[in-house]
Amino acid sequence: MAKYQINFSCGHDEQRELFGATKERQRKIEYFEQYGDCSACFKKRKESEREAEGPVVQVRARKGDPALIEFVVFNSFSVKDALKARGYRFSYDFVRVGSAFGLNDRGEGAWGRRFEGGPETISEQVADEIKWLKSKDWKFEDATSSVKSLISALIEGKADYIPAS
Ligand SMILES: [Zn+2]
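Please read all numbers here as calculations on a predicted model, not as lab measurements. (Residues numbered from 1 in each chain as written. Predicted model: local features only at pLDDT ≥ 70, side-chain atom pairs only at ≥ 80, totals over all residues.)

1. Comments concerning the overall build of the chain
Part 1 of the argument: Helix and strand content of the chain: five helices and seven strands.
Part 2 of the argument: Listing each helix as α and each strand as β along the chain from the N terminus yields β-β-α-α-β-β-α-β-β-α-β-α.
Part 3 of the argument: Considering only intrachain contacts with a sequence separation of at least 6, the fraction spanning at least 24 residues in the chain is 59%. (Helix = DSSP H or I, 4+ residues; strand = E, 2+ residues; numbered from the N terminus. Contact = placed C-beta atoms within 7 Å.)

2. Some words on helix 2 (residues 39–53)
Part 1 of the argument: In a regular helix each residue adds 1.5 Å, so 15 residues correspond to 21 Å; helix 2 covers 21 Å between its end C-alpha atoms and thus fits that length.
Part 2 of the argument: For helix 2, a buried count of zero out of 15 residues is recorded, marking the element as mostly open to its surroundings. (Expected span 1.5 Å × (residues − 1). Buried ≥ 20, exposed ≤ 12 C-beta atoms within 10 Å, placed from the backbone.)

3. Focus on helix 1 (residues 22–35)
Part 1 of the argument: Helix length check: helix 1, at 14 residues, gives a terminal C-alpha distance of 20 Å against a target of 20 Å (1.5 Å per residue), a fit within 8%.
Part 2 of the argument: Burial within helix 1 is sparse, with just one of its 14 residues counted as buried.

4. Re the pairing of strand 4 (residues 67–74)
Part 1 of the argument: By the criterion of burial, strand 4 is predominantly enclosed, with six of the eight residues buried.
Part 2 of the argument: As paired strands, strand 3 (residues 56–62) and strand 4 are joined by seven bridges and run antiparallel to one another. When the bridges of strand 4 are listed, Arg62 appears paired with Leu68.
Part 3 of the argument: The antiparallel pairing of strand 3 with strand 4 creates a hairpin that spans four residues between the two strands, and Gly64 there sits at a positive phi of about 140°.
Part 4 of the argument: Relative to strand 6 (residues 110–117), strand 4 runs antiparallel, the two sharing seven bridges. Each residue of the ladder has a partner; that of Phe71, found in strand 6, is Arg113. (Pairing = 2+ DSSP bridges.)

5. Quick notes on the environment of Glu120
Part 1 of the argument: Tracing the backbone through its elements, the reader meets Glu120 in helix 4 (residues 119–134).
Part 2 of the argument: Separated by 53 residues in the primary sequence, Glu120 and Ala67 have C-alpha atoms spaced 9.9 Å apart.

6. A short note on the pairing of strand 1 (residues 2–7)
Two faces make up the sheet, and in a regular strand the side chains alternate between them.
Part 1 of the argument: Pairing geometry for strand 1 and strand 2 (residues 13–18), over six bridges, is antiparallel. Within strand 2, the position partnered with Ala2 by the bridge is Leu18.
Part 2 of the argument: Where strand 1 folds back on strand 2, the antiparallel hairpin that results is connected by five residues, among which Gly11 adopts a positive phi of roughly 105°.

7. Some details on the environment of Lys136
Part 1 of the argument: Assignment of secondary structure puts Lys136 in the loop between helix 4 and strand 7 (139–142).
Part 2 of the argument: When the C-alpha positions of Lys136 and Pro55 are compared, they lie 9.4 Å apart, and in sequence the two are 81 residues distant.

8. Remarks on unusual backbone geometry
For residues besides glycine, phi is generally negative; the peptide bonds are generally trans as well.
Part 1 of the argument: The backbone of Asn75 shows a phi angle near 55°, a positive value even though the residue is not glycine.
Part 2 of the argument: Positionally, Asn75 belongs in the loop between strand 4 and helix 3 (80–85).
Part 3 of the argument: Residue Asn75 is classed as buried on the basis of its 20 C-beta neighbours within 10 Å.
Part 4 of the argument: For Asp137, which is not glycine, the phi dihedral falls at a positive 65°.
Part 5 of the argument: Note on placement: Asp137 falls in the loop between helix 4 and strand 7.

9. Here we look at the nonpolar core
Part 1 of the argument: Within the largest apolar cluster, 18 residues are counted, with the highest numbers of intra-cluster contacts made by Ile69, Val72, Val73 and Ala110.
Part 2 of the argument: Put simply, the parts of the chain that give this core at least two residues each are strand 3, strand 4, strand 6 and helix 4.
Part 3 of the argument: The element contributing the most residues to this core is strand 4, with six residues.
Part 4 of the argument: Residues in contact with Ala110, not counting those within four places in the same chain, are Val72, Val73, Phe74, Ser76, Ser91 and Phe94. (Core = buried A, V, L, I, M, F, W, Y, C linked by C-beta atoms within 7 Å.)

Laid out in structure tokens, this is it:
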């Protein structure tokens, strides 16, 4: 491993530590020079992409007694009043999972609403909430891979379909 001063395609110089065979490092340097952004420009670009993206809904779910479904809306400053009116609470504790942006999203505040109870009890509320969220034309991101089947299980009231988390 060694440190290299690299001139990124954005025009800024930045030091990077590179690993691997010399040939591989050389390839990385060439890539950074042609296509790469320095870390400040990378961050700026991701932030503006996110700004343009609008609110992003993530769904977390947990099987059990009580079962838990939580809707978390990130990037939601512009719609916070609507969320608040619907009973969402603001917190910095939500961690965006599987972000398409590769950012560490700790520290980003979000609005969340949580439903707890037996599948039959909460299925109607959850279905209603999904309907409302879907009417908003916001982007949905699955926070857990089993979420889709879990939600359909809850909506259809088929507790047997709920996968183990
Ligand atoms: Zn730069």
